[in-house]
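Chain residues, written in single-letter form:
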Amino acid sequence: MSILVLAEHHDGALAGATAHVVAAAQAIGGDIDILVAGEGVGAIAEAAAKLDGVSRVRVADHAAYAHLLAEPTAALIAELAGDYTHLLACASTTGKNVLPRVAALKDVGQISEIISVESPDTFKRPIYAGNAIATVQSEDALKVITVRATGFDAVGEGGSAAIEAVDFVADNAQSTFVKEELAKSDRPELGAAKVVISGGRGMGSGENFTLLDGIADKLGAAIGASRAAVDAGFVPNDMQVGQTGKIVAPELYIAVGISGAIQHLAGMKDSKVIVAINKDEEAPIFQVADYGLVADLFQALPELEEKL
Amino acid sequence: MKVLVAVKRVIDYNVKIRVKPDHSDVDLTNVKMAMNPFCEIAVEEAVRLKEKGIATEVVAVTIGPKAAQEQLRTALALGADRAIHVETDERVESLGAAKALARLVEEEQPGLVILGKQAIDTDNNQTGQMLAALTGLPQGTFASEIKVEGEKLQVTREVDGGLQTVELSLPAIVTADLRLNEPRYAKLPDIMKAKKKPLDVKTPADLGIEVASKVKLLKVEPPAERKGGVKVGSVDELIDKLKNEAKVL
Ligand SMILES: Cc1cc2nc3c(=O)[nH]c(=O)nc-3n(C[C@H](O)[C@H](O)[C@H](O)COP(=O)(O)OP(=O)(O)OC[C@H]3O[C@@H](n4cnc5c(N)ncnc54)[C@H](O)[C@@H]3O)c2cc1C
Ligand SMILES: Nc1ncnc2c1ncn2[C@@H]1O[C@H](COP(=O)(O)O)[C@@H](O)[C@H]1O
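Quick caveat, the model's predicted, so the values are computed rather than measured. (Residues numbered from 1 in each chain as written. Chains lettered and ligands numbered in written order. Predicted model: local features only at pLDDT ≥ 70, side-chain atom pairs only at ≥ 80, totals over all residues. Heavy atoms only, no water.)

Engineer: Quick question: what am I supposed to make of the pairing of strand E17 (residues 273-278) of chain A here?
Structural biologist: Within a regular strand, the side chains alternate between the two sheet faces. Residues and elements named next belong to chain A. Taken across its six residues, E17 has six buried, putting it largely inside the fold. Alternating positions in E17 separate into two faces, Val273, Val275 and Ile277 on one and Ile274, Ala276 and Asn278 on the other, with burial throughout. As defined by bridge partners, E17 adjoins strand E18 (residues 291-294) across four bridges and the pair is classed as parallel. Bridge assignment links valine 275 to a residue of E18, and that residue is tyrosine 291. (Buried < 20%, exposed > 50% of the residue type's maximum accessible area, 1.4 Å probe, protein only. Helix = DSSP H or I, 4+ residues; strand = E, 2+ residues; numbered from the N terminus. Pairing = 2+ DSSP bridges.)

Below, the structure is given as structure tokens:
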């Protein structure tokens, strides 16, 4: 078996999620290559070469792949696909955008967001917002798979893979990058944080989210939100945790003013310890919380910050 | 410009699902079914384009069993002009749906196709991207805003880090994210009118395709149950438990 993993990277750095996808590749078994596509990605390729278990890093460094637009990136991966039995990417917005396009170009199905590898052709994945776990088997010669990073422990960084350039340049007259408005934050990335504290509609306003800041500072936590908090305009969309937002599985998840709709639980119920702070003792979030505090968040949060 | 919208019949998002005792699938008998929420958003966007005079005709499409015509009637009540039902009792995965849609794109020559970003049953998030590949068209996935500007389409996309805007040549494929719009409710007179709007039925064979998937569903299990824990009486007790019992602080 031979596996190609698409590297995830942001702001000139290899994203931590890639090491989790390589772990999924190791569980499948066989030779593992990483594809680093982008513009000015030399340092990213070097970081990828250090990941354990990787034999080769293939680098497509060209303006055509800047911002990893779906059309050229999918054409690139499809071009390389002939060398592989499995194509893997992280179930990030990049992986989700690009990989199904590759699958269709190769006339095969895709298996989305696997959380475990049962055998080289059989995988487990959540369906119905994580309310059921499906075991699926691919009969396609080429398996195209996105990986939920929280399902696999990251590989280490003791490797030294060979780095090789890929010359193929995809034509793309169909799509152009216009702009990006990315959230700037000194806090850890939601998907990678050991502690996440999220606010819901109960926070009442965007300003009130500052009540979470002091606690997040003390715990080194990332800050998340429910969809209701995002829709109400309290915070930007990249903070949404849930079925259609980010999937997190930290050591500690603190849900504040969040009722616990299944679509929210889908994104956080694999957290090791869950704390809920909600003034409604009937709120469904308490059914999954290890520790529930029935309280008004406007009193509980300042007290928590002070006493931590 | 003609706009094609793809709608899928799925379990209503409020329903708590049950896994069949033999673990073959999720039990859908006597369960409330509805239009996938992301498809409602897709239909709404198409109808708004028509109201703005940009779209000339909105065609709703579904691939699925006979009963899926209910969701097509809903789309018609929401403002679609006509509907196409590709009828099949097979378990249709995203690639099969994309193949059927690709054939219809060839026949109908729409200027824009809008799909949901994800069906909330399989949570696949694939069909729009696959359709784009099969038709050779550009894709604007996870859209939170779209603007038609002459021969171009500006799409603002919800990405992990924030928002990204891309410009696509038309025709193009768009998949709708939650914040693209807030769908309207169908009014009774529109539901009545929808019954008279044209609805064509075709089979995959009519389209010259097969929808069966090579990804087999072997087993469906309930997830590991998470037991609710305890209620704590105070912030002090919470901190104590997190430090000394859970040992996460
Ligand atoms: C297709 C689809 C996809 C979705 N995807 C997601 C998703 O990815 N993520 C997501 O989160 N949601 C998602 N949703 C929405 C989801 O169904 C819920 O509507 C949403 O999670 C509710 O957010 P909330 O808990 O913040 O708000 P609410 O349900 O309104 O709950 C607010 C809570 O705050 C509590 N509260 C109020 N004031 C205080 C106070 N002063 N002190 C303490 N507690 C207080 C209340 O008791 C209540 O429990 C999706 C929905 C659909 C249809
Ligand atoms: N059987 C189907 N019939 C019509 N549209 C579908 C079907 N399956 C998927 N789609 C469309 O593709 C979107 C994404 O679905 P998926 O990629 O399967 O998660 C849905 O929101 C629909 O717009």
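Engineer: Looking at this structure, how should I read the environment of threonine 165 of chain B?
Structural biologist: Relative to the helices and strands, threonine 165 of chain B resides in strand E9 (residues 162-169). Spatially, the C-alpha atoms of threonine 165 of chain B and alanine 132 of chain B are 18 Å apart, while their sequence positions differ by 33 residues.

Engineer: I'm lost on the site of ligand 2 in this one. Help?
Structural biologist: Residues and elements named next belong to chain B. The local shell around ligand 2 holds 18 residues, among which Ala6, Ile63, Ala119, Gln126 and Thr127 are the closest. In the model, an oxygen atom of ligand 2 is placed 2.8 Å from a nitrogen or oxygen of the alanine 6 main chain. Here isoleucine 63 contributes a backbone N or O atom positioned 2.8 Å from a nitrogen atom of ligand 2. Starting from 480 Å² of accessible surface for ligand 2 in isolation, the protein chains cover 98%. (Near = heavy atom within 4 Å. Polar contact = N/O pair within 3.5 Å; in protein donor to acceptor, adjacent residues only side chain to side chain. Areas by Shrake-Rupley, 256 points an atom, 1.4 Å probe, with all protein chains shown as cover.)

Engineer: When you look at the packing of helix H4 (residues 93-105) of chain A against helix H4 (residues 127-135) of chain B in this model, what are you seeing that I'm missing?
Structural biologist: To describe two helices that pack against each other, one gives the angle between their axes and the distance between the axes. Where H4 of chain A meets H4 of chain B, the axes come as close as 7 Å, and the angle between the chain directions of the two elements is 45°. In terms of their interaxial angle, H4 of chain A and H4 of chain B are classed as oblique. Considering only the axes of H4 of chain A and H4 of chain B, their crossing is right-handed. Residues Lys96, Asn97, Pro100, Arg101, Ala103, Ala104 and Leu105 of chain A of H4 of chain A lie in contact with H4 of chain B, whose contacting residues are Gln129, Met130, Ala132, Ala133 and Leu134 of chain B. Among the residues making up the contact of H4 of chain A with H4 of chain B, the classes are represented as eight nonpolar, two polar and two charged. (Axes fitted to C-alpha atoms, helices over the stretch in contact; angles between N-to-C directions. Parallel < 35°, antiparallel > 145°, perpendicular 65-115°, else oblique. Left-handed = near helix turned anticlockwise from the far one by under 90°. Contact = heavy atoms within 4.5 Å. Nonpolar A, V, L, I, M, F, W, Y, C, P; charged D, E, K, R; others polar.)

Engineer: Got a minute to help me understand the packing of helix H3 (residues 70-80) of chain A against H4 of chain A in this structure?
Structural biologist: Residues and elements named next belong to chain A. Where H3 contacts H4, the two axes come as close as 8 Å, and the packing angle between them is 50°. Comparing their axes, H4 and H3 come out oblique. H4 is crossed by H3, and the crossing has right-handed handedness. Listed contacts from H4 to Ala70, Glu71, Thr73, Ala74, Ala75, Ile77 and Ala78 of H3 are Asn97, Val98, Leu99, Arg101, Val102 and Leu105.

Engineer: So what exactly am I meant to see when it comes to H3 of chain A here?
Structural biologist: Spacing of three or four residues puts side chains on the same side of an α-helix, whose turn is 3.6 residues. Summarising burial for H3 of chain A: nine of the 11 residues are buried, a large majority. The complete set of buried residues in H3 of chain A reads Ala70, Glu71, Pro72, Thr73, Ala74, Leu76, Ile77, Ala78 and Leu80 of chain A.

Engineer: What exactly am I supposed to notice about the side chain of aspartate 238 of chain A here?
Structural biologist: Its place among the elements puts aspartate 238 of chain A in the loop between helix H6 (227-231) and strand E16 (252-256). In this structure, aspartate 238 of chain A is in contact with Ala183, Leu190 and Lys246 of chain A together with Val159, Asp160, Gly161 and Gly162 of chain B, ignoring residues within four places of it in sequence.

Engineer: Help me understand the interface of chain A and chain B, please; the structure alone is not making it clear to me.
Structural biologist: A common way to report how large an interface is uses the accessible area buried once the components associate. Every contact between the two is made by 85 residues of chain A and, on the other side, 76 residues of chain B. Of the roughly 6700 Å² buried between chain A and chain B on both sides combined, carbon and sulfur atoms contribute 53%. Where chain A packs against chain B, one counts six salt bridges. Note that aspartate 290 of chain A is salt-bridged to arginine 226 of chain B, the shortest N-O span being 2.7 Å. For the pair chain A and chain B, the interface holds 48 residue pairs in polar contact (both at pLDDT 80 or more). When the residues that make up the side of chain A that touches chain B are grouped by side-chain class, the tally is 37 nonpolar, 24 polar and 24 charged. Of the pairings in the sheet, the one linking strand E10 (residues 132-138) of chain A to strand E12 (residues 215-221) of chain B comprises six bridges and is antiparallel in character. From the neighbouring strand, isoleucine 133 of chain A faces E12 of chain B, where its bridge partner is glutamate 221 of chain B. (Buried area = accessible area lost by both parts, 1.4 Å probe. Salt bridge = Lys/Arg side-chain N within 4 Å of Asp/Glu carboxyl O.)

Engineer: For this particular structure, what's the right way to read empty space enclosed by the protein?
Structural biologist: Under the definition given, this model contains two cavities of 30 Å³ or more. By volume, the largest cavity is sized at about 100 Å³. A volume near 50 Å³ is recorded for the second largest cavity. In terms of lining residues, the second largest cavity is bounded by Leu69, Ala70, Glu71 and Asn97 of chain A together with Gln139, Gly140, Thr141, Arg157, Gln164 and Val166 of chain B. For the lining of the second largest cavity, the element with the highest residue contribution is strand E7 (residues 139-149) of chain B, accounting for three residues. In the lining of the second largest cavity, the residues fall into three nonpolar, five polar and two charged. (1 Å grid on protein atoms, 1.4 Å probe; cavity = no way out; pocket = protein on both sides within 12 Å on 5 of 7 lines; lining within 4 Å. Points joined across faces, edges and corners; volume = space filled by probe spheres on them.)

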